[in-house]
Amino acid sequence: MKRSLSSYLQLAFTLLICAFMLVPVLMSVAAGLTNNYFQGLSSGLTLRWVEEVLALYSDTIWLTLQLALATLLINLIVGVPAAYYLASSNSRWARVFEELIVLPVAIPGLAIALALIIAYGGVHGLRTSWLFILIGHVLYTLPFMVRAVLAVLHSINFRTLEEGAASLGAGFFRRFIDVVVPNCKGGIISGALMTLTLSVGEFNLTWMLHTPLTKTLPVGLADAYASMRLEISSAYTLIFLVMLLPLMIGVQWSGSRLRKPHA
Amino acid sequence: MSPRLNQPLYLMMLPVLIITCAFFLIPMGRLILISISGEEGSMTYWYALTDSRYLNSLLQTLVLSIATTLTTLAIALVVGMFLARNRFPGRSTLVSLLTFPLAFPGVVVGFLVIMLGGRQGLSAELGLILDGSRWTFAYSIVGLFVGYIYFSIPRVLMTVMSAVEKMDVMLEEAARSMGASRLRVLLDVIIPALKPALIASGAICFATSMGAFGTAFALASGINVMPMTIYTEFTLGANVAMAATLSILLGLITWLVLLLARSVSGANTTPAA
């Protein structure tokens with residue numbers, strides 16, 4: 001097929017935008033692995049900075065993982081049943097609840113964090129606990145879990161399946177666990193990956209909610225950017241990207257799997 | 001369906017409702033109360049909208065967010081049309097490259113802008129070669145704008161691409177065969193067909209830009225976008241009532257824009273990340 005001049009121009013523009021997205025990331029990766037960034041790559045490659053970051057900030061990495069997994073656990077326990085309710089119920093309240101769940105995503109994280117601090121900042125022990133950040137992460141990621149499961153529930157005929165199971169004598173919770181959950185596995189996986197990705201990278205809420213003892217990786221990054229040399233900031237960013245990459249690949253994979261029509 | 005099948009249904013929703021009430025509705029209610037409980041009462045809203053410091057911050061953020069939205073929509077339209085319409089080796093790699101940064105927090109985007117336009121950045125090196133001076137843009141409004149575009153592209157591009165894939169190619173061909181110019185086809189066929197997707201993703205882009213905090217924080221430029229102003233009022237100024245007032249105004253703006261976009265476009269507008 002012969003391509004026209006304009007399609008070459010479009011290709012060139014697309015490549016330019018890709019370069020805009022990619023080049024700074026590559027520069028940052030290179031800086032994190034170079035002995036002296038200002039002398040350039042000729043100063044030699046090293047893992048020195050990565051080791052230094054791990055020595056300085058490994059607690060932020062663990063806290064981030066802990067928060068992401070705890071957020072996921074809560075989202076699974078409360079989000080999946082909620083999606084099932086929203087898909088099953090025809091009541092006006094169900095629509096109101098659906099709006100309500102999504103509301104925290106429509107409002108800037110900073111505002112929600114401020115509201116949480118005003119309402120619960122004085123509760124003894126909570127302000128300095130990692131649970132305070134967990135609250136923020138759940139509020140912010142729950143809509144994505146509910147939406148992902150809801151989308152699958154809307155696309156399958158789960159009522160027929162359930163009525164079949166009911167006619168065989170399966171009780172409500174039995175039907176939910178054995179019929180509904182396995183049938184919306186794709187949505188649950190997709191929502192779970194989204195939850196992990198968002199929680200690992202959350203900054204707007206977390207910056208307000210954190211204390212010196214509860215720093216997550218993005219909070220540590222902000223610290224490093226403000227006070228550390230460029231190589232350390234870059235090595236830290238590199239560690240963050242390495243954590244994020246498998247999650248992002250998973251999100252894309254599960255998204256493309258869901259978009260394909262069901263067999 | 002028998003009503004018996006539905007019996008404990010509300011129990012499934014209860015935990016989420018408790019979480020939302022306890023940790024969202026009640027705190028938001030407290031935030032509203034705090035915003036009017038300062039010395040000036042509800043006059044804080046008047047000050048927030050008339051005092052030049054707050055008003056400038058609001059206007060700057062609005063202009064920045066609108067400019068970001070329009071630029072990102074234009075970029076996503078060109079790139080999205082191209083990637084959705086053409087099949088070539090490496091295409092899926094390009095799509096992945098353009099969508100991976102979706103998960104980058106604002107601070108990281110700020111750092112990447114420093115990599116591009118900071119004192120030791122790419123443009124500084126380029127400037128040294130070309131005219132012997134370091135070109136920097138990272139710490140000005142340009143740096144913010146570049147950063148905002150960086151985190152907006154992945155969000156908007158996905159929506160635009162899937163809308164282009166659903167578009168009817170026949171309409172375009174019909175218009176072209178009847179002699180319409182490229183520009184006319186773009187203005188009269190393509191953009192109207194993509195309008196719902198453009199409005200929906202544009203609203204998300206705008207709302208995200210209005211609330212973005214990390215990028216401005218990392219760049220530490222003199223420009224006070226609204227979230228930075230709120231942060232400063234709260235931490236440095238200890239002016240909790242004003243921080244609450246500004247938060248509520250900001251939240252109202254983003255929420256209303258998303259609501260409006262949804263009622264106009266009928267599409268799903270839920271911001272991501």
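Criteria and thresholds
- Residues numbered from 1 in each chain as written.
- Chains lettered and ligands numbered in written order.
- Predicted model: local features only at pLDDT ≥ 70, side-chain atom pairs only at ≥ 80, totals over all residues.
- Contact = placed C-beta atoms within 7 Å.
- Helix = DSSP H or I, 4+ residues; strand = E, 2+ residues; numbered from the N terminus.
- Nonpolar A, V, L, I, M, F, W, Y, C, P; charged D, E, K, R; others polar.
- UniProt positions renumbered as here; feature names shortened; annotations may be inferred.
- Domains from an automatic or database assignment.
- Core = buried A, V, L, I, M, F, W, Y, C linked by C-beta atoms within 7 Å.
- Buried ≥ 20, exposed ≤ 12 C-beta atoms within 10 Å, placed from the backbone.

Structural notes on the interface of chain B and chain A
Link 1 in the chain: Facing the 70 residues of chain B at the interface are 69 residues of chain A.
Link 2 in the chain: Here the side of chain B that touches chain A gets 16 residues from one element, more than from any other, and that element is helix H1 (residues 9-35) of chain B.
Link 3 in the chain: When its residues are assigned to classes, the side of chain B that touches chain A shows 55 nonpolar, 14 polar and 1 charged.

Here's the deal with the UniProt feature "domain: ABC transmembrane type-1" (unreviewed entry) in chain B
Link 1 in the chain: UniProt records the feature "domain: ABC transmembrane type-1" (unreviewed entry) at residues 58-261 of chain B, using the numbering of this structure.
Link 2 in the chain: Spanning residues 58-261 of chain B, this segment combines 79% helix with 0% strand, and its end C-alpha atoms are found 21 Å apart.

Considerations on the UniProt feature "transmembrane region" (unreviewed entry) in chain B
Link 1 in the chain: The feature "transmembrane region" (unreviewed entry), as given by UniProt, occupies residues 12-38, 58-83, 95-117, 137-157, 197-220 and 240-261 of chain B in the numbering adopted here.
Link 2 in the chain: Across residues 197-220 of chain B one finds 88% helix and 0% strand; the C-alpha atoms that close the span lie 34 Å apart.

Focus on the domain arrangement of chain A
Residue and element names in this part refer to chain A.
Link 1 in the chain: As assigned here, chain A comprises domain 1 (1-46) and domain 2 (56-259).
Link 2 in the chain: The centre of domain 1, based on its C-alpha atoms, is set 32 Å off from the matching centre of domain 2.
Link 3 in the chain: Listed by partner, the interface residues are 6 residues for domain 1 and 6 residues for domain 2.
Link 4 in the chain: When its residues are assigned to classes, the side of domain 1 that touches domain 2 shows 3 nonpolar, 3 polar and no charged.

Observations regarding the nonpolar core
Link 1 in the chain: Judged by nonpolar contacts, the single largest core of 159 residues is most densely connected at A:Ala83, A:Leu114, A:Val149 and B:Val160.
Link 2 in the chain: Counting residues per element, this core draws most heavily on helix H2 (residues 48-88) of chain A, at 16 residues.
Link 3 in the chain: Those residues in contact with A:Val149 that lie beyond four places of it in its chain are A:Gly79, A:Val80, A:Ala83, A:Cys184, A:Gly187, A:Ile188 and A:Gly191.

Observations regarding the UniProt feature "transmembrane region" (unreviewed entry) in chain A
Link 1 in the chain: Per the UniProt entry, the sites bearing "transmembrane region" (unreviewed entry) are residues 12-33, 61-87, 99-123, 129-153 and 235-253 of chain A in this numbering.
Link 2 in the chain: Helix makes up 96% of residues 129-153 of chain A and strand 0%, with an end-to-end C-alpha separation of 36 Å.

Quick look at the environment of A:Lys215
Residue and element names in this part refer to chain A.
Link 1 in the chain: Here Lys 215 shows up in the loop between helix H9 (204-209) and helix H10 (217-227).
Link 2 in the chain: Judged by C-beta crowding, with 22 C-beta atoms within 10 Å, Lys 215 ranks as buried.
Link 3 in the chain: When the C-alpha atoms of Lys 215 and Asp 59 are compared, they prove to be 7.9 Å apart, with 156 residues separating the residues in sequence.
Link 4 in the chain: Other than its neighbours up to four places away in sequence, Lys 215 contacts Thr 60, Leu 63, His 210 and Gly 220.

With respect to helix H6 (residues 122-131) of chain B
Link 1 in the chain: Along H6(B), only 0 of the 10 residues are buried, which leaves the element largely exposed.
Link 2 in the chain: Directly after H6(B), the chain includes B:Gly132, whose backbone phi takes a positive value near 80°.

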